[in-house]
Amino acid sequence: MQFRQQALSKLQSADDIDLPVRYARPQGWLALTVTLVVMAASAVWAVTGSVADTLNASGILTHGQGSYVLQSPVRGQVTAVLAEEGGTVRAGAPLVKVRKPDGGSTVVRALAAGRLTTLSASIGSVLNTGADVASVERVRHSRDPLTATLYVPAERAASVPAGADVDLSVQSAPSRTYGVLRGKVRAVGRTAQSRQQIGAFLGSAQLGEEFSKDGPPVAVAVRLDRSSATRSGYRWSSPKGPPFALGSMTLTDGTIHLAARHPVDWLLP
């Protein structure tokens, strides 16, 4: 009871009436202000903000018309090589001359015009019937533009829109030195491709194995952005890009920039 009377008398003391009441310290107001600003910014970002989404895939630079593998129609020994690897050939152009076991000879010729990407036969080598002689990339003209074909996992292909921006790291032009090659998605394949289909299109069973090692992928065609300011004729993230022209059948790694997605979906009653 004594303590209660002392407390009441202290509250009724006239000396304490004029003392200012402090609701919060300056540090407290600062912390409260920062908290309110962060909460407001978070709310605005949750409604209007978006998160960039990307998809990485491996692929190759080609002229986009595919290749074919030329096989020997006879068994025999190569006695002459009549074409040069990397050069262009016309339809029916002689590639190698083969001496048959009966002493006669025949010439293996290109089936269609294009660029001779691989010549498997050499002078003195023995060919069996059906053995690979050469791979020829179909090219209408030496100045045909390059395109990139990326092999995307089938379960992610539906998320790739036409016109999406693509950054390409080219094997022959290190990105740390020359930057990345710019392009846009031109078309997305309708169905997944098997190892045999990829190998037949690229003229290489090894590439078919490589691009389908994680399952049948979907082919995504990428149109490269052209530029007259670079030596390669294409647009790069660096001002000049590499000081040389790009070649077809060059491996590349692509980053596809998918449509931005909102981080929060609001469920209204």
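Definitions and cut-offs
- Residues numbered from 1 in each chain as written.
- Predicted model: local features only at pLDDT ≥ 70, side-chain atom pairs only at ≥ 80, totals over all residues.
- Heavy atoms only, no water.
- Pairing = 2+ DSSP bridges.
- Helix = DSSP H or I, 4+ residues; strand = E, 2+ residues; numbered from the N terminus.
- Phe/Tyr/Trp six-rings, centres within 6.5 Å; stacked < 30°, edge-to-face > 60°.
- Buried < 20%, exposed > 50% of the residue type's maximum accessible area, 1.4 Å probe, protein only.
- Core = buried A, V, L, I, M, F, W, Y, C linked by side-chain atoms within 4.5 Å.
- Contact = heavy atoms within 4.5 Å.

Student: Could you give me a rundown of the sheet that holds strand β7 (residues 114-119), with the residues and numbers involved?
Tutor: Sheet architecture is open: four strands sit in the order β2-β9-β7-β4, paired in antiparallel fashion. At either end of the open sheet lies a strand with only one pairing partner, and these are β2 (67-71) and β4 (88-89). Sheet analysis places β2 next to strand β9 (residues 132-137), joined by five bridges and oriented antiparallel. Bridging across to β9, Ser-67 finds its partner in Glu-137.

Student: Please set out the packing of aromatic side chains residue by residue, giving values where relevant.
Tutor: Counting across every chain of the model gives two aromatic pairs. Where Tyr-151 meets Phe-211, the ring centres are 4.8 Å apart and the plane angle is 20°; that geometry is what we call stacked. Here Phe-211 lies in helix α5 (residues 205-211) and Tyr-151 lies in strand β10 (residues 147-153), a separation of 60 residues in the sequence. Neither residue differs from the other here; Tyr-151 and Phe-211 are each classed as buried. Look at Tyr-178 and Phe-244: their rings are 6.1 Å apart centre to centre, the planes differ by 85°, and that puts the pair in the edge-to-face class. With a gap of 66 residues between them, Tyr-178 in helix α3 (residues 175-178) and Phe-244 in the loop between β13 (217-224) and β14 (250-261) connect regions that are remote in the sequence.

Student: Can you break down the nonpolar core residue by residue, with the values?
Tutor: With 23 residues, the main nonpolar core has Leu-150, Leu-168, Leu-181, Leu-224, Leu-246 and Ile-256 as its most contacted residues. If you list the elements that add at least two residues to this core, you get β1 (51-62), β10, β11 (165-170), β12 (181-188), β13 and β14. If we ignore the near neighbours within four places in the chain, the residues touching Leu-181 are Val-166, Asp-167, Leu-168, Val-170, Leu-224, Tyr-234, Arg-235, Trp-236 and Leu-246. If you look at the next biggest cluster of nonpolar residues, it comprises 19 residues, including Leu-70, Val-74, Ala-93 and Val-108.

Purely geometric stuff here, so don't read any function into it on its own.
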